[in-house]
Amino acid sequence: MLSKVILQANIDKVETYFNRADKIVIVTHVSPDGDALGSSLGLYHFLSGQGKDVRVIVPNAFPDFLRWMPGAKDIVRYDKYSDFADKLIAEADVICCLDFNALSRIDAMAESVKAAEGRKVMIDHHLNPEPFCRVTISHPEISSTSELIFRLICRMGCFDDITREGAECIYTGMMTDTGGFTYNSNDRQIYFIIGELLSKGIDKDEIYRKVFNTYSEGRLRLMGYVLYEKMQVFPQFRAALIWLTKEEQGKFHYVKGDTEGFVNMPLQMKGICFSVFLREDTEKQMIKVSLRSVGAFPCNKVAAEFFNGGGHLNASGGELYGTMDEAIALFKQALVKYESLLLKN
Ligand code: 5GP
Ligand code: MN
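Residues numbered from 1 in each chain as written. Chains lettered and ligands numbered in written order. Predicted model: local features only at pLDDT ≥ 70, side-chain atom pairs only at ≥ 80, totals over all residues. Heavy atoms only, no water.

Observations concerning the packing of aromatic side chains
Across all of its chains, the model carries twelve aromatic pairs by this definition. Geometrically, the ring pair formed by Tyr 171 and Phe 181 is tilted, given 5.8 Å between the ring centres and 45 degrees between the ring planes. Here Tyr 171 is found in helix α6 (residues 164–176), whereas its partner Phe 181 is found in the loop between α6 and α7 (188–198), with ten residues between them in sequence. In terms of burial, Tyr 171 and Phe 181 fall into one category: buried. (Phe/Tyr/Trp six-rings, centres within 6.5 Å; stacked < 30°, edge-to-face > 60°. Helix = DSSP H or I, 4+ residues; strand = E, 2+ residues; numbered from the N terminus. Buried < 20%, exposed > 50% of the residue type's maximum accessible area, 1.4 Å probe, protein only.)

So, unusual backbone geometry
Even without being glycine, Asp 99 reaches a positive phi, approximately 65 degrees. One can find Asp 99 in the loop between β4 (94–98) and α4 (110–115). Even without being a glycine, Asn 184 presents a positive backbone phi close to 45 degrees. Turning to its location among the elements, Asn 184 is positioned in the loop between α6 and α7.

Describing the sheet that holds strand β1 (residues 23–28)
Strand order across the open sheet formed by six strands is β3-β2-β1-β4-β5-β6, with parallel pairing between neighbours. Lying at the two open borders of the sheet, with one neighbouring strand each, are β3 (76–77) and β6 (135–138). Two strands pair when backbone bridges link them, and β4 and strand β5 (residues 119–124) are joined in this way by five bridges, in the parallel orientation. Bridge pairing in β5 links Cys 97 to Met 122. Across the sheet, helix α3 (residues 82–91) touches β1, β2 (53–58), β3 and β4, and the angle it forms with β2 is around 130 degrees. Across the face of the sheet, helix α5 (residues 145–155) comes into contact with β4 and β5 while running at roughly 120 degrees to β5. (Pairing = 2+ DSSP bridges. Contact = heavy atoms within 4.5 Å. Axes fitted to C-alpha atoms, helices over the stretch in contact; angles between N-to-C directions.)

Describing the sheet that holds strand β10 (residues 287–293)
Across the sheet, six strands lie side by side as β7-β8-β9-β10-β12-β11; this open sheet has mixed pairing. Lying at the two open borders of the sheet, with one neighbouring strand each, are β7 (231–234) and β11 (310–311). For β10 and strand β12 (residues 315–320), the ladder comprises six bridges, and the chain directions are antiparallel. The residue of β12 that forms the bridge with Lys 288 is Glu 319.

Some details on helix α12 (residues 324–337)
Here α12 is 14 residues long and its end C-alpha atoms lie 20 Å apart, about the 20 Å a rise of 1.5 Å per residue gives. Looking only at α12, the buried set comprises Met 324, Ala 327, Ile 328, Leu 330, Phe 331, Ala 334 and Leu 335. The buried residues of α12 occupy an angular sector of 160 degrees when projected down its axis, which confines them to one face. Pointing more than 90 degrees away from the buried face of α12 are the exposed residues Asp 325, Val 336 and Lys 337. (Expected span 1.5 Å × (residues − 1). Arc of directions from axis to C-beta.)

Things to note about the nonpolar core
Phe 18, Leu 43 and Leu 197 are the most contacted members of the largest nonpolar core, which has 55 residues in total. Excluding residues within four positions of it along the chain, Leu 197 makes contact with Phe 150, Ala 167, Ile 170, Tyr 171, Met 174 and Ile 202. (Core = buried A, V, L, I, M, F, W, Y, C linked by side-chain atoms within 4.5 Å.)

Some details on the UniProt feature "domain: DDH" (unreviewed entry) in the protein
As annotated in UniProt, the feature "domain: DDH" (unreviewed entry) corresponds to residues 23–174 in the numbering used here. Helix makes up 36% of residues 23–174 and strand 19%. Its end C-alpha atoms lie 27 Å apart. (UniProt positions renumbered as here; feature names shortened; annotations may be inferred.)

Observations regarding the coordination of the manganese ion (ligand 2)
Each donor-metal-donor angle would ideally measure 109.5 degrees in four-coordinate tetrahedral geometry, or 90 or 180 degrees in six-coordinate octahedral geometry. Protein coordination of the manganese ion (ligand 2) is provided by Asp 35 (OD), Asp 99 (OD), His 125 (NE2) and Asp 177 (OD), with donor distances spanning 2.2 to 2.4 Å. Summarised as a motif, the one-chain spacing of the donors to the manganese ion (ligand 2) is D-x63-D-x25-H-x51-D. Linking Asp 35 in helix α2 (residues 34–49) with His 125 in the loop between β5 and β6, this pair joins segments that are 90 residues apart in sequence. Here the two residues Asp 35 and His 125 agree in accessibility, since each one is buried. (Donors = N, O, S within 2.8 Å, 3.2 Å for Na, K, Ca; no water.)

Comments concerning the pairing of β5
With five of its six residues buried, β5 lies for the most part within the structure. Each parallel crossover has a hand, and for β4 linked through α4 to β5 it is right-handed. Sheet topology note: the β5/β6 ladder contains four bridges and is parallel. Bridge pairing in β6 places Ile 123 opposite Ile 137. (Right-handed = clockwise from strand over helix to strand, strands pointing away.)

Focus on the environment of Ile 123
Relative to the elements of secondary structure, Ile 123 occurs in strand β5. Residue class for Ile 123 comes out buried when judged on its relative accessible area of 1%. In sequence terms Ile 123 and Asp 258 are 135 residues apart; their C-alpha atoms lie 28 Å from each other. If we ignore the near neighbours within four places in the chain, the residues touching Ile 123 are Cys 97, Leu 98, Asp 99, Ile 137, Thr 145, Leu 148, Ile 149 and Leu 152.

Dropping the structure here:
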């Protein structure tokens with residue numbers, strides 16, 4: 001049996017909003033990952049099955065390895081079709097904000113979501129949700145938003161209405177936000193939920209292969225290059241840094257998603273508990289920062305203090321509008337400032 005994570009009052013409100021709605025829009029964060037898409041499409045399949053007119057809108061492109069997800073083809077990209085998306089957002093009776101906690105995380109979409117009159121519902125697992133929704137379902141203790149979507153649907157009494165397609169999406173989000181159930185994944189209820197999803201006919205082994213084993217040759221060669229030439233290890237701080245310029249990405253025919261997981265690789269070394277990956281963005285003039293830690297070291301604090309970002313204790317990110325040299329210098333400053341915490345961890 002699942003414990004009741006989501007407050008009953010919030011379940012009741014969301015159920016009422018859904019019942020009264022014809023048009024529902026689901027939005028998620030910039031550069032959507034497996035959980036952003038998994039939760040959005042999981043909810044999309046459920047609400048479509050209830051006869052609602054549902055649209056998923058994302059701020060920009062998502063990686064190729066998520067393109068197979070059922071419903072992905074119908075997703076509206078805001079950076080390509082902003083007028084159409086603005087209309088959908090303005091006309092929606094309900095706007096579900098999934099897997100993000102602040103309007104700044106949806107980039108250019110923020111204004112139209114903020115101005116929209118539809119009832120807004122946040123379903124998320126990031127710390128410190130901003131108060132821009134009528135209902136805020138925020139559970140940082142749950143490892144994925146997709147799991148929250150499963151819990152929400154079940155609590156509305158609709159487990160039977162989850163289709164295989166919906167279950168595949170939910171599973172994908174749970175799997176990706178836990179690194180294939182290798183972190184944030186000790187809650188035994190996760191495995192109860194997986195059992196329920198398997199009863200819908202999903203092939204979890206195939207989903208793993210589709211997400212993690214369909215990379216291009218360029219990605220693997222880039223990985224080799226990064227490990228051989230670009231990873232700097234700071235054993236005295238138990239930390240490591242990887243950085244990549246636009247030019248280097250071009251050399252390896254980089255496409256979105258190709259550097260997914262790179263930030264985790266240095267953590268495979270004994271004694272390393274903090275890893276940072278700096279990548280010159282190919283779309284915007286900025287350095288995208290990814291941070292990971294193991295144990296109690298709060299990489300989200302470093303993200304907030306040095307890189308205009310935030311996130312979870314062990315997985316966070318940020319953006320820096322500056323040069324790569326500045327970003328590297330900031331990383332080194334962070335090591336010095338957090339030395340005692342790094343060594344204590
Ligand atoms: P990733 O390194 O996979 O891009 O991001 C890991 C986590 O860091 C995300 O799940 C999200 O919680 C957080 N994150 C990533 N980028 C940003 C950002 O620019 N701002 C904030 N506040 N959080 C971010
Ligand atoms: Mn997530």
